[in-house]
Amino acid sequence: MALLEVRDLKTHFRTDDGIVKAVDGVSFSIEKGKTLGIVGESGCGKSVTCLTIMGLNNAKSTTTTGEALFKGENLLEASGKRLRDIRGNDIAMIFQDPMTSLNPVHKIGDQLGEAILLHRDVTRRQARARSTELLKAVGIPHAERRLDDFPHQFSGGMRQRVMIAMALVNDPDLLIADEPTTALDVTTQAQILNLMDRLQEEFGSAIIMITHDLGVVAEIADDIVVMYAAKVVEQAPVDDLFKRPHHPYTWGLLGSLPRLNADVERLVQIPGSPPSLLNPPRGCRFNPRCSYVFERCKSEEPGLEPVPDDHEHLQACFLDEATKELENRKLQAGSLAGGPM
Amino acid sequence: MFRYLIRRLLWAGVLFIAVTVVTYVIFFIIPADPARLAVGQRATPETVARARHFLGLDKPVPVQYALFMKRLVLHHSLGRSFTNRQDVNKVILQAAPVTASLVIGGVILWMAIAIPIGILSALRPRSLLDRMSMMFVLIGISAPVVWIGLILQYFIGYKLGWTPNAGYCDLLNTQGGCGGPVDWAYHLILPWTTFAILFAAIYVRMIRANVMDTMNEDYVRTARAKGAPETQVMRSHVLRNAMLPVVTMLGMDIGIALGGALFTETVFGLPGLGKLAVTSIEGVDLPMIEGVVIFSTLCIIVFNVAVDLLYAWIDPRIRLS
Amino acid sequence: MPEELLVVEDLKKHFPITRGIIFQKQVASVKAVDGVSFTVNRGETLGVVGESGCGKSTMARCIMRLLDPTGGKVIFDGRDITSISQAEMRPIRREMMMIFQDPYASLNPRKRVGFIIGEALEVNKMGSGSEIKRRVQELLDIVGLNPEHYNRFPHEFSGGQRQRIGVARALAVNPKLIVCDEPVSALDVSVQAQVLNLLKDLQDEFNLTYVFIAHDLNVVRHISNRVMVMYLGSVSESAGRDDLYNEPKHPYTGALLSAVPVPDPELGRQRKRIVLEGDVPSPINPPSACRFHPRCPRFHEGVCDVIDPPVREFGQEHTAACHYPLEGWPLTEEQMRRRSGEPVAS
């Protein structure tokens, strides 16, 4: 049984302008101890998907349908209390901006302690010891002393480490990381990704990594889900996705990346911009921007179908196999100019 | 931290001197003659001149100021009233507790109203409660204090007879027919309400805005993601941060109010600093005016510095920089 | 006409830190930019790469005289503009324009797009009202926006479109130099590609010179001819683009190149990443001698923390400030730690 299985998840927000369909039929699953990357640009619904799973949306203005089965239990139907038991305990989440994600007026020892004491019946002294242990595990020097410091006394990279420590303190089965390195410098990002990799081995948690950075996801993920306009457009194990992508949006994403090891005069440009989620286009949501569009795309929505001879690789596009193979070969040729890094 | 404190105190001293000088200057620009007022309309020019000499008004202004400062620093005395030769120190120290009673009771009342309403409005924006509280805010800020006082005085004090109309009863001593804590509080109910309404309105709006902003902060989301129940999120994360700026404002407002809640004291006939200020200006009584100004300036300065220090202490970002 | 459009010599910008009860006395300074020198030729793009605190944005503002340099020289188009007055600077401002990072904050939300783009033209009296309007519409077209949207407000455009408006604004007065301060960092990948392509096209069409500041090495590589790497206020390495990316000489450049995640899982698995320790230090208290020494895998005690690293040349205008420049590339962290022989004398 998969650790987390999401089936046809839909999250609609009621706003003054109408109903924003932020997530509109998303399905994926993740196994114990693996890493799933959810990739997409801003507004595609990747963050909202995970916030919905955790039950962190504003209940009054949100309608959610579908299933999110965590170890067989549907989180979308769980009571408030049950969700609070799970949050920070079985499923933990870390967010993008470490500078603002910690309460500035509480010591980090207290904030780590809070995470522990909410879910474990231990003394403060024991909680403190566990906090120190975690701070050491994430590589913060002078861990014991630093427990009494405040967030503003840490740098951005250090704060993100503290966030990671806080998330792992109760040995969660699943860690959801929402753009954890986007706000960090390149060398700090490398440190954090390295750390997360190491900790995954040590703690055995599964990781869902949400990001817009295909490079990050190539480094750290086992499987990848590509989202566009509140839907999943492609899903595959990481090597497959980069070697044989099957969706024009994925081609566009990969082609638009400037590379260290390739020389292109012009980057692939996806024309236009992502659609409004108040009123998404009919048929395939990518059709207004797709260079391969034909009639069927504008009226019918493609379902997520497996690629021939690979049931792990799913894609939502009507284009025929032959064209896709051709595109893939072009893409590979373009990106293989130049030697290894 | 220490350096900061020293700097604040030095500036406080400068401010103090500036305020007293300005008061003197303004006083002597006003075209009124305290000497004449002191001796009455029908006095002869010689009497007026004698009065003027007696009151020291024939000396040049800077000399008068210097004498005043000397007396203040060396003898800690603010002089004697021009109108009735009373010792200014004594008069002020009699009036101060009255104002203090009004202000402190008023503060407690306005915070007791503003905090729960502000928080509940923030938690349920655009609900009926929220709309009603915003209406209250609008009325409270727009209605003049005098009008509120008079309305309350008329309907509750006079028509319904639930509370006394005016007058002050001392907290401890009994004199003139009333005294003791019960009488004291009873007479202050309407003044407290009048005084508190304006501030309550301002604070409801401020607290509501602060709480709403803080609820959207990332660290509140982190707390929820850890599985904290909503009460803990509110108490430990939202309020702890949202109330910080409120503390600052509160300190400053208390400082200002202690200088005399003019309107409320006048409407309800409370012999506090506000009323004293009004009568001493009408009577062109320089020492008394100067006395009230100095006292209220002192209160404002003290409270401002105290609030700065308090804020610096409770916000670790400032304390530990 | 000389080939160099912009020459910067030993530029310094120090921000004072003061202490004192009554009289503020300067006790220290933040050395945001501390001795940066480079040249940009006409029609060329110089990429400036560095992480937070390296001083690249401060340097950009010093070049544009939005900040006054504390030391050094800025020579623009043959003229020394380092200390001239703001009045003298005004006619020169037409020739150097800037594109900013945040497309949401860099456009005045209360002004219409037509005004935003045409403001510089009006200020410099470059045409009548109708001429300016025509020019603005022309510019909207050039950057790929609809000229009919002349009267719209910024909030009616997406992030990528707003950045195009920023480009149009910079282009309006036909500048010689455009300083781009992280122009694509806040944009989505697909939109990023649009803006980068646009910048490249415009450079070809109008013979523009760019100073392109970014923290993303991939982006810098795509658009630059020459690249300069900054660390804590000084230049650690400077080279032609291919030289820098294929044969970096400074260990920091090596670490940066190694840290960039590559969108190729197989390649990612093959290479051994160099992970630096510690955080980027603060410019208030920079490390002694070589700024990079606390984090450098090649650190040699007694040399790197005591003697200022010499600026070595590696042919083809490739310079690096290091006692133990890299001897090959790619290297693993292990290999990087192995220094050979004595420090290179300057």
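Residues numbered from 1 in each chain as written. Chains lettered and ligands numbered in written order. Predicted model: local features only at pLDDT ≥ 70, side-chain atom pairs only at ≥ 80, totals over all residues.

1. A word on the overall build of chain C
This is how the line gets drawn: Helix and strand definitions follow DSSP, with helices as H or I runs of at least four residues and strands as E runs of at least two, each counted in order from the N terminus. Computation of the radius of gyration draws on C-alpha atoms, with the globule rule given as 2.2 Å multiplied by the number of residues to the power 0.38. With C-beta atoms placed from the backbone, the exposure class of a residue follows from how many other C-beta atoms lie within 10 Å of its own: 20 or more, buried; 12 or fewer, exposed; in between, partly exposed. Contact criterion: two residues are in contact if their C-beta atoms, reconstructed from the backbone, are within 7 Å.
Scanning chain C from terminus to terminus reveals 11 helices and 12 strands. For a compact globule of 346 residues, the expected C-alpha radius of gyration is about 20 Å, and chain C comes in at 22 Å, within 12% of that figure. In chain C, buried positions account for 46% of the 346 residues. Sequence separation of at least 24 residues holds for 65% of the intrachain contacts in chain C that already meet a minimum separation of 6.

2. What to know about the overall build of chain B
Looking only at helices and strands, chain B has 15 helices and 2 strands in total. Across its three principal axes, chain B shows a C-alpha extent of roughly 85 × 55 × 35 Å. The buried share among the 321 residues of chain B stands at 34%. For chain B, long-range pairs separated by at least 24 residues make up 69% of all intrachain contacts whose partners lie at least 6 apart in sequence.

3. A look at the interface of chain A and chain B
By a frequent convention, interface size equals the accessible area lost on bringing the separate parts together. What counts is decided by this rule: Classification convention: Asp, Glu, Lys, Arg as charged; Ala, Val, Leu, Ile, Met, Phe, Trp, Tyr, Cys, Pro as nonpolar; all other residues, Gly among them, as polar.
The interface is formed by 23 residues belonging to chain A together with 18 residues belonging to chain B. Secondary-structure elements contributing two or more residues to the side of chain A that touches chain B are helix 2 (80–86) and helix 3 (108–117) of chain A. Among the residues forming the side of chain A that touches chain B, the class breakdown is 10 nonpolar, 8 polar and 5 charged.

4. Comments concerning the packing of helix 5 (residues 88–123) of chain B against helix 6 (residues 128–142) of chain B
Residues and elements named next belong to chain B. Under the convention used in this document: To get an axis, a line is fitted to the C-alpha atoms, and for a helix only the part in contact is used. The angle between two axes follows their N-to-C directions and goes from 0 to 180 degrees. Oblique is the label for any angle not under 35 degrees, not over 145, and not in the 65 to 115 range, which are roughly parallel, roughly antiparallel and roughly perpendicular in turn. Crossing handedness is defined as follows: a turn of the near helix away from the far one that is anticlockwise and smaller than a right angle gives a left-handed crossing, while the clockwise case is right-handed.
The contact between helix 5 and helix 6 brings their axes to 8 Å, and the two run at 130°. One way to sum up the angle between helix 5 and helix 6 is to call them oblique. Every pair of crossing elements has a handedness; the one defined by helix 5 and helix 6 is left-handed. Facing I117, L120 and S121 of helix 5, the residues of helix 6 in contact are L129, D130 and S133. Residues that form the contact of helix 5 with helix 6 fall into these classes: 3 nonpolar, 2 polar and 1 charged.

5. Quick notes on the domain arrangement of chain C
All names here are of chain C. The criterion, for reference: Start and end positions for the domains come from either an automated domain assignment or a database one.
As assigned here, chain C comprises domain 1 (4–19 + 27–95 + 175–337) and domain 2 (104–174). Between the C-alpha centres of domain 1 and domain 2 there is a distance of 30 Å. At the interface, 12 residues of domain 1 touch 12 residues of domain 2. With 6 residues, helix 6 (residues 189–206) is the largest single contributor of residues to the side of domain 1 that touches domain 2. Taken together, the residues of the side of domain 1 that touches domain 2 sort by class into 10 nonpolar, 1 polar and 1 charged.

6. Describing the domain arrangement of chain B
All names here are of chain B. One can read the domain layout of chain B as domain 1 (2–75) and domain 2 (91–319). Just the C-alpha atoms count here: the centres of domain 1 and domain 2 sit 32 Å apart. Each partner contributes residues to the interface: domain 1 has 14 residues there, and domain 2 has 13 residues. For the side of domain 1 that touches domain 2, the residue count by class is 11 nonpolar, 2 polar and 1 charged.

7. Re the interface of chain C and chain A
Between chain C and chain A, the contact holds 38 residues from the first and 39 residues from the second. For the side of chain C that touches chain A, the secondary-structure elements that each account for two or more residues are helix 6, helix 7 (217–223), helix 9 (251–259) and helix 10 (265–270) of chain C. Ranked by residue count, the leading element in the side of chain C that touches chain A is helix 6 of chain C, at 7 residues. For the side of chain C that touches chain A, the per-class residue count stands at 20 nonpolar, 10 polar and 8 charged.

8. Looking at the nonpolar core
Defined as follows: To form a nonpolar core, buried Ala, Val, Leu, Ile, Met, Phe, Trp, Tyr and Cys residues must be joined through C-beta atoms within 7 Å.
The biggest cluster of nonpolar side chains holds 194 residues, and the ones touching the most others in it are A165 and I208 of chain A together with V179, V211 and F212 of chain C. Sort the elements by how many residues they give to this core and helix 6 (residues 156–168) of chain A lands first, with 8 residues. Not counting residues up to four positions away in its chain, the partners in contact with F212 of chain C are T45, L46, G47, V48, C180, V220, I223 and S224 of chain C.

9. A look at the sheet that holds strand 2 (residues 18–30) of chain A
Residues and elements named next belong to chain A. What counts here: Pairs of strands are assigned from DSSP output, requiring at least two bridges between the strands.
Read from one edge to the other, the open sheet built from 4 strands follows the order 2-1-4-5, with strand pairing classed as antiparallel. Each having just a single partner strand, strand 2 and strand 5 (73–74) make up the two edges of the open sheet. Examined bridge by bridge, strand 1 (residues 4–15) and strand 2 share 10 bridges and lie antiparallel to one another. The partner of T15 across the bridge, within strand 2, is G18.

10. A few points about the sheet that holds strand 2 (residues 25–41) of chain C
All names here are of chain C. Sheet architecture is open: 4 strands sit in the order 2-1-4-5, paired in antiparallel fashion. Edge positions in the open sheet fall to strand 2 and strand 5 (79–80), since each of these has one partner strand only. Here strand 1 (residues 4–19) runs beside strand 2; their pairing, made up of 13 bridges, is antiparallel. Across the sheet, the residue bridging to F15 is V30, located in strand 2.

11. A few points about the packing of helix 1 (residues 2–29) of chain B against helix 14 (residues 286–314) of chain B
Residue and element names in this part refer to chain B. In the contact formed by helix 1 and helix 14, the axes pass within 10 Å of each other and the chain directions differ by 160°. Between helix 1 and helix 14, the angle falls in the class roughly antiparallel. Pair helix 1 / helix 14 crosses with right-handed handedness. Here L5, R8, A12, L15, F16, V19, T20, T23 and F27 of helix 1 come into contact with helix 14, specifically with L286, I289, E290, V293, I294, T297, I301, V305, D308 and L309. Residues that form the contact of helix 1 with helix 14 fall into these classes: 13 nonpolar, 3 polar and 3 charged.

12. Observations concerning the environment of L147 of chain A
By the element assignment, L147 of chain A lies in the loop between helix 5 (143–146) and helix 6. Among all residues touching L147 of chain A, those that are not within four sequence positions of it are K107, I108, G109, R128, S131 and T132 of chain A.

13. Thoughts on helix 4 (residues 61–75) of chain B
All names here are of chain B. Heads up, the rule is: Each helix should span, by expectation, one fewer than its residue count multiplied by 1.5 Å.
For helix 4, with 15 residues, the first-to-last C-alpha span of 21 Å sits near the 21 Å given by 1.5 Å per residue. A small share of helix 4 lies buried, amounting to 0 of its 15 residues. In the segment just after helix 4, H76 is the residue with positive phi, at about 55°.

14. Quick word on the pairing of strand 8 (residues 209–214) of chain C
Residues and elements named next belong to chain C. Counting buried positions along strand 8 yields 6 of 6 residues, so the element is predominantly enclosed. By the alternation rule, side chains of strand 8 split into T209, V211 and I213 and Y210, F212 and A214, which are all buried. Two strands pair when backbone bridges link them, and strand 3 (residues 45–49) and strand 8 are joined in this way by 5 bridges, in the parallel orientation. Across the sheet, residue L46 finds its bridge partner in strand 8, namely V211. Pairing between strand 7 (residues 177–181) and strand 8: 5 bridges, direction parallel.

15. Re the environment of L69 of chain A
All names here are of chain A. Relative to the helices and strands, L69 is located in strand 4 (residues 62–70). Since 17 C-beta atoms lie within 10 Å of it, L69 is described here as partly exposed. As a C-alpha pair, L69 and L214 span 145 residues in sequence and 27 Å in three-dimensional space. Excluding its chain neighbours within four sequence positions, the residues that come into contact with L69 are L4, E5 and N74.

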